[in-house]
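This is what each chain is made of:
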Amino acid sequence: MKKFLARFAEFYRPFLKLFAVVTLFTCGVQFLGLLSPYFYGKIIDALIGGKAYKEVLTLAAMSLGIFLLNNSVVGCFSDLFDSKNVRYDTPKYVAKKTLSQVVKYSLGQHIGQNSGATQDVIKKGEHSMGAITGLVLYYLLPVALQIVLFAGALLYLEWSLGLIVLGGLALHLGANIYLNFKFKDSLQNLEKKRSDVSKFYSEILRNIGVVKVNAQEERVVDEYDEQSQEVCRTEKDLWIKYMWLASWRDNIIGLTIFAVIAVGAFYVHKKLLSVGQLVVFLFWTNRALGSIGQLGNVQRQLMSAAASVKNFFAFLEIEPDIKIMDNPVRPGKFFGEIEFKNVSFSYPKRISIGEEKPEASDTSKRETISGVSFKIKAGQKAAFVGLSGSGKSTIIKLLLRAYDPDEGQVIVDGNDLRIIDHKHFMNSVGVVEQDITLFDNTLRYNITFPLNGRGRFVSFEEMARIAELSRINEFYPILECGFDTIIGERGIKLSGGQRKRVGIARALIKNPSILIFDEATSDLDAMNDAMIQDSIKEIGAGRTMIIIAHRLSTIKDADVIFVVSGGKIVGEGKHHELMKICPEYQILVHKQVKVF
Ligand code: ATP
């Protein structure tokens, strides 16, 4: 709980002053709210005591003055303040802080998480933080202040009656703590089930193409329905139990009011208290306890929101696993010499948010690559070949520092990758991924994305040069708005070959020292393939190039070819050398199918 509150406070630190102002306004509103009933009591006593009509009217006017001051000045001002600052600024700030944390995670950490589940945890967490803030500021805080002020006033008016009310409040609070404790685990369990259903839903939307081409529409709807029914059942069971117990808890309120009336009436009978004073007492008691009576619903919302926020905090507590040094090496230019020295690596176990991280000494882990050593000279064209699943992409991921190796070193220009400024390095590497991922934005935005927002300043000549190198010039003029055409979600308006060429242009725009093609030509037809091969030859000049190719044509003229098998390098050399000495390479070449 302490940790939870500390995290909450840390999130809202810039708003603490603002919250203090809101609290001050709330105090004003509650204090003035206390005064009106006081005047009602005075009016009743004045009437019973046979005071002049003018005197009664003066008291009524004073009560009206307080009402107007409370409602029109303090209340309006406080609403204006809250709406302008708290309601809009805080969610914006929470979202920005969350995104800043999320982008710090390594590529490997993002790969290791289910994106649907992550999105769900973040969205629910952000929403629930807003809900908790709203409930605390606009419900709990006024109620708490009301209780303190009213209890003080009650004690001042008649201490024994005040004690009865305070006793009732303490009992109610105790019952609340008990309920919270009793339902804690069930709520966490419910939250987990809800997350699983949301994850399933977003998986369906993400893979809607697979659902449609396999005609599985009814099946996924049924599966979703089954899962959400289960959540619904759990939810109903939990809240029915909770509300039943909460209604017993709220009986404390009725009993306390009864005790106040019984004892108060006795005092009036014995002339220890005036009728007006008893009325004031009942007003205040009713106000203080009445607000607490609505606590059941608010508490339910709070408990539910707290479970989501707990998950959200657990997600944000994950440390980025790629540690960035304080004073990293930042060379003026990378030359592109790459060396792997005895590198071994196994993928970390995929864990759900909030789940404990497995022990570092987990012996069940199988090494994906083991004892990999090779060297690529600056400016060389290197190729990795091997059967599917042999570990080629993993080697590239280690070069991109998506993960750090378990053993050995990845060295660039003589420096271990771990001591190099990672962002600076990534700005010098262009990657044409296996599946080109594109933003639902313009062609220009997608190509110039790596330029840190400076895309607008790329000259027409530079765009034309990149378009020519990547062979985009062969299709962009026929798009409806040229470079400014919105290419749709994941580049849906482009063909596979066109998407690939956008990926090449995006990698080239950085003028990288190292260019990586991960199976970049795998789904192109012969014409497109030849076109890309020409392009590769042109763009490779003056930089280190690493290719994971599916086609022999891509690697035949490579300066060095590495043959990967079972996570090890089993052959190294030029094509004609490997054809003589490496049986694994010979098999790959003879198969000539999608084995590279
Ligand atoms: P392909 O040519 O089919 O792309 P590859 O040679 O590039 O294959 P890798 O993607 O490096 O192979 O995969 C090597 C092994 O690591 C495979 O057994 C694969 O199942 C496993 N693997 C890949 N990515 C992950 C991951 N994120 N988590 C766990 N295991 C993974």
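The structure reproduced in this document is the subject of the present report. All figures in this text were calculated on a predicted structure; none of them were measured in a lab.

Scanning the protein from N- to C-terminus turns up 19 helices and ten strands. Within the protein, buried positions represent 46% of all 596 residues. Within the protein, contacts between residues separated by at least 24 positions form 79% of all contacts whose residues are at least 6 apart in sequence. When the accessible area of the protein is evaluated, it comes to approximately 31500 Å², of which 60% is carbon and sulfur surface.

Here we come to the sheet that holds strand β7 (residues 514–518). Strand order in this open sheet of six strands is β6-β7-β8-β3-β9-β10, and the pairing throughout is mixed. With one partner strand each, in any of the chains shown, β6 (429–432) and β10 (568–573) form the two edges of the open sheet. Mean inter-strand twist for the sheet, computed between neighbouring axes without regard to direction, equals 15°. Inspection of the sheet shows β7 paired to strand β8 (residues 544–548) by five bridges, in the parallel sense. Within β8, the position partnered with Asp518 by the bridge is Ile548. Docked against the sheet, helix α11 (residues 392–399) engages β3 (381–386), β7, β8, β9 (560–565) and β10, running at close to 145° with respect to β8.

We now examine the packing of helix α2 (residues 16–48) against helix α5 (residues 115–157). With their axes 9 Å apart at the nearest point, α2 and α5 run at an angle of 45° to one another. Regarding the angle of α2 to α5, the classification is oblique. For the pair α2 and α5, the sense of crossing is right-handed. For the pair α2 and α5, the contacting residues are Phe19, Val22, Thr23, Thr26, Cys27, Gln30, Phe31 and Leu34 in the first and Thr133, Leu137, Leu141, Pro142, Leu145, Gln146, Leu149, Phe150 and Ala153 in the second.

The next thing to look at is the nonpolar core. In terms of nonpolar packing, the biggest core is built from 50 residues, with Phe8, Met129, Trp284, Phe312 and Phe313 touching the most fellow members. Going through the elements one at a time, α1 (2–11), α2, α3 (53–102), α5, α6 (159–206), α8 (217–269), α9 (275–293) and α10 (295–316) are the ones with two or more residues in this core. Residue contributions to this core peak at 15 residues, all from α5. Beyond its immediate chain neighbours, meaning those up to four positions away, Phe8 contacts Met129, Ile132, Thr133, Val309 and Phe313. With 43 residues, the next largest nonpolar core counts Ile472, Leu494, Val502 and Ala505 among its residues.

Here we come to unusual backbone geometry. Although it is not a glycine, Arg401 sits at a positive phi angle of roughly 55°. Note that Arg401 resides in the loop between α11 and β4 (407–412). Of note in this structure, Asn511 is not a glycine but carries a positive phi near 50°. With respect to the helices and strands, the residue Asn511 is situated in the loop between α15 (496–508) and β7.

One pass over the structure, following the stated rule, counts 17 salt bridges. Ionic pairing is found between Arg219 and Glu223, a salt bridge with its closest N-O pair at 2.6 Å. Here Glu223 and Arg219 lie together in helix α8, a separation of four residues that amounts to about one turn. Under the relative-accessibility criterion, Arg219 is labelled partly exposed at 48%. A salt bridge links Asp421 to Arg330, with the shortest nitrogen-to-oxygen separation between them at 3.1 Å. Of this pair, Asp421 sits in the loop between β5 (415–416) and α12 (422–426) while Arg330 sits in the loop between α10 and β1 (338–345), and the two are 91 residues apart along the sequence. Residue class for Asp421 comes out buried when judged on its relative accessible area of 17%. Taken together, the shared-partner salt bridges in this structure form one network comprising Lys124, Glu191, Arg194 and Glu235.

The subject of this paragraph is the packing of aromatic side chains. Scanning the model with the defined rule gives 21 aromatic pairs in all. Ring centres of Trp244 and Trp248 lie 6.2 Å apart, and the angle between their planes is 70°; on these two criteria the pair is classed as edge-to-face. Of this pair, Trp244 and Trp248 both sit in helix α8, four residues apart, which is roughly one turn of the helix. With respect to burial, Trp244 and Trp248 carry one shared label: exposed. Measuring from ring centre to ring centre gives 6.3 Å for Phe266 and Tyr267, while their planes differ by 50°; the resulting arrangement is tilted. Looking at Tyr267, the relative accessible area reads 14%, which means it is buried. In textbook terms, an aromatic cluster arises when at least three aromatic residues are bridged by ring pairs, as seen for Phe340, Phe374, Phe384 and Phe562.

The rules behind these values
- Residues numbered from 1 in each chain as written.
- Predicted model: local features only at pLDDT ≥ 70, side-chain atom pairs only at ≥ 80, totals over all residues.
- Heavy atoms only, no water.
- Helix = DSSP H or I, 4+ residues; strand = E, 2+ residues; numbered from the N terminus.
- Buried < 20%, exposed > 50% of the residue type's maximum accessible area, 1.4 Å probe, protein only.
- Contact = heavy atoms within 4.5 Å.
- Areas by Shrake-Rupley, 256 points an atom, 1.4 Å probe, with all protein chains shown as cover.
- Pairing = 2+ DSSP bridges.
- Axes fitted to C-alpha atoms, helices over the stretch in contact; angles between N-to-C directions.
- Parallel < 35°, antiparallel > 145°, perpendicular 65-115°, else oblique.
- Left-handed = near helix turned anticlockwise from the far one by under 90°.
- Core = buried A, V, L, I, M, F, W, Y, C linked by side-chain atoms within 4.5 Å.
- Salt bridge = Lys/Arg side-chain N within 4 Å of Asp/Glu carboxyl O.
- Phe/Tyr/Trp six-rings, centres within 6.5 Å; stacked < 30°, edge-to-face > 60°.

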